[in-house]
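Spelled out from the first residue to the last, the chains are:
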Amino acid sequence: MRKILDSTRLQRLASEFSEFMEYAKSRAIRTRSRFYEYLLSYLVFRQIDYGTLASSPSVHGLSQDQLDILSTEIDGIIKTLEVSSRIVLRNPGISPWGMNALQRYFMETPDIELEDLLPTAPLSETTVQDEKGESRDDAINNFVRIFTRLTDYLGAPLGSGSSAYENALLVIEWMRGLPLSRMIDNQIRYWKRRDPSKSETTVIRETMERVERVARFETPKYLHAYLDILRPVSLVRDRGDILPPTDDFWLYLEFGVSERTQLSLMSLGLSRSSVTSLSVFITEDNFSEADCLNWLVTNEWREFGLPRLVEVEVEAVLQRHDASPAART
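Please read these numbers as outputs of a predicted model, since none were measured by experiment.

This part takes up the environment of Gly155. Take Gly155: it is sitting in the loop between helix H7 (138-154) and helix H8 (162-175). For Gly155, a relative accessible area of 5% corresponds to the buried category.

Okay, structure coming up:
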């Protein structure tokens, strides 16, 4: 599959060689062609990983002169990169020059402001006042700023201004475990204020599509590069103390939860909607799967007024793990 994909890319490179080389020589962070951004990242990745582009049978679409010109240019790019090769290899499909620029931005940020570059915990209930004196959700504001940086420096399609706000709101609600139905209701209310002519059917369709594209794909992809670059900068500047653990962060984005306990409940086999209904009754936010199973066995969750479908799911999980109270008596 990888060979087919490589061949397809480089066949297009052969037909657009001059245009692509103009882009590569410009050292531009962004271009109108997302394909060129992705292709440059891929070629830098290949050169670092294999030591030569000629080792790939996919370059057969290029003449020897074209291959020599391309190899020389990619070698020159790699030699002038300030961001480490390890970070480039860990983040394929993202502009190396964009990562370079973002690293410079982090290095130029005053020490006192470094902590403000980090993602805020999604469950944070802190509010801040905007320039108009209105209260705003700090977690959403924080992600708006991060999405704007990702757009400006890495070319992420996460927007700035109102579009960054819309995406940040969606991602924070997703990570807070809001049911999809409630997220859709919130989006319908938002669009009734902003553009009443937009139909509810369109809002529903777009919200579901954006959860998959923005929350589960684009945000993890670009935020991974963002934190990959920020971590060594913080360490070099003796601010490793501000770095939060991120091992589970990507799983939280994938599954739409914000606590280890919720992730453990999903690992046991509960659906996201059941997890969000049940987790409000569990005060500990760092339970393992075993802890969650023990909690389900020892607590009277049937008396919590949960929807019947949630109770059915919990009963099925307990039976599957032979952990129901009946099985233990």
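Moving on, we come to the packing of aromatic side chains. Evaluation of the coordinates by the stated rule reveals 11 aromatic pairs. Where Tyr190 meets Trp191, the ring centres are 5.4 Å apart and the plane angle is 85°; that geometry is what we call edge-to-face. Summarising the burial analysis for this pair, Tyr190 and Trp191 share the class buried. Arranged with centres 4.4 Å apart and planes meeting at 20°, the rings of Phe281 and Phe304 form a pair that is stacked. Placement of Phe281 in the loop between helix H13 (272-279) and helix H14 (289-298) and of Phe304 in the loop between H14 and helix H15 (308-320) is noted, with a sequence separation of 23 residues between them. Residue Phe281 is classed as partly exposed on the basis of its relative accessible area, which comes to 34%.

What follows is about the environment of Ile77. Within the secondary structure, Ile77 is located in helix H4 (residues 64-80). A relative accessible area of 0% means that Ile77 is categorised as buried. The spacing of Ile77 and Pro96 is 19 residues in sequence and 8.7 Å in space, taken between C-alpha atoms. Those residues in contact with Ile77 that sit more than four places away from it in its chain are Ala24, Arg27, Leu40, Val44 and Trp97.

With that settled, consider H15. Since the α-helix turns once every 3.6 residues, residues separated by three or four places project in the same direction. For H15, spanning 13 residues, the distance from its first C-alpha to its last is 18 Å, which sits close to the expected 18 Å at 1.5 Å a residue. Immediately beyond the C-terminal end of H15, within one or two residues, lies Asp322, with a positive phi of roughly 50°.

Attention now goes to the layout of surface pockets. To find the voids left in a structure, one rolls a probe of water-molecule size over its atoms. The space that makes up the largest pocket amounts to roughly 270 Å³. Forming the boundary of the largest pocket are Asp137, Ile140, Tyr165, Leu169, Glu173, Arg176, Leu178, Arg182, Asn186, Arg189, Tyr190 and Arg193. Contributions of two or more residues to the lining of the largest pocket are made by H8 and helix H9 (180-194). Class assignment of the residues belonging to the lining of the largest pocket gives a composition of five nonpolar, one polar and six charged.

The rules behind these values
- Along every chain, residues carry numbers that run from 1 in the direction the sequence is written.
- Local features in a predicted model are, by the rule used here, given only for residues with pLDDT of at least 70; side-chain atom pairs are given and counted only at 80 or more, and totals for whole chains, interfaces and linings are based on all residues.
- As a rule here, side-chain values come from all non-hydrogen atoms in the structure, and water together with hydrogens is ignored.
- Numbered from the N terminus, helices here are DSSP runs of H or I no shorter than four residues, and strands are runs of E no shorter than two.
- With a 1.4 Å probe rolled over the protein chains alone, any residue whose accessible area is under 20% of its type maximum counts as buried; one over 50% counts as exposed, and the rest are partly exposed.
- Between rings of Phe, Tyr and Trp, where Trp is taken as its six-membered ring, a pair exists when centres lie within 6.5 Å; planes separated by under 30 degrees are stacked, by over 60 edge-to-face, and by other angles tilted.
- Two residues qualify as a contact provided that any one of their heavy atoms is within 4.5 Å of a heavy atom in the partner residue.
- How far a helix is expected to stretch is found by multiplying one less than its residue total by 1.5 Å.
- Each cavity reported here is a set of points on a 1 Å grid over the protein atoms alone in which a 1.4 Å probe fits but cannot get out, each pocket an open set with protein on both sides within 12 Å along at least five of seven lines, and each lining residue one with an atom within 4 Å of a point.
- Grid points are joined across faces, edges and corners, and a volume is the space filled by probe spheres set on the points.
- Three classes are used: nonpolar for Ala, Val, Leu, Ile, Met, Phe, Trp, Tyr, Cys and Pro, charged for Asp, Glu, Lys and Arg, and polar for all others, with Gly counted as polar.

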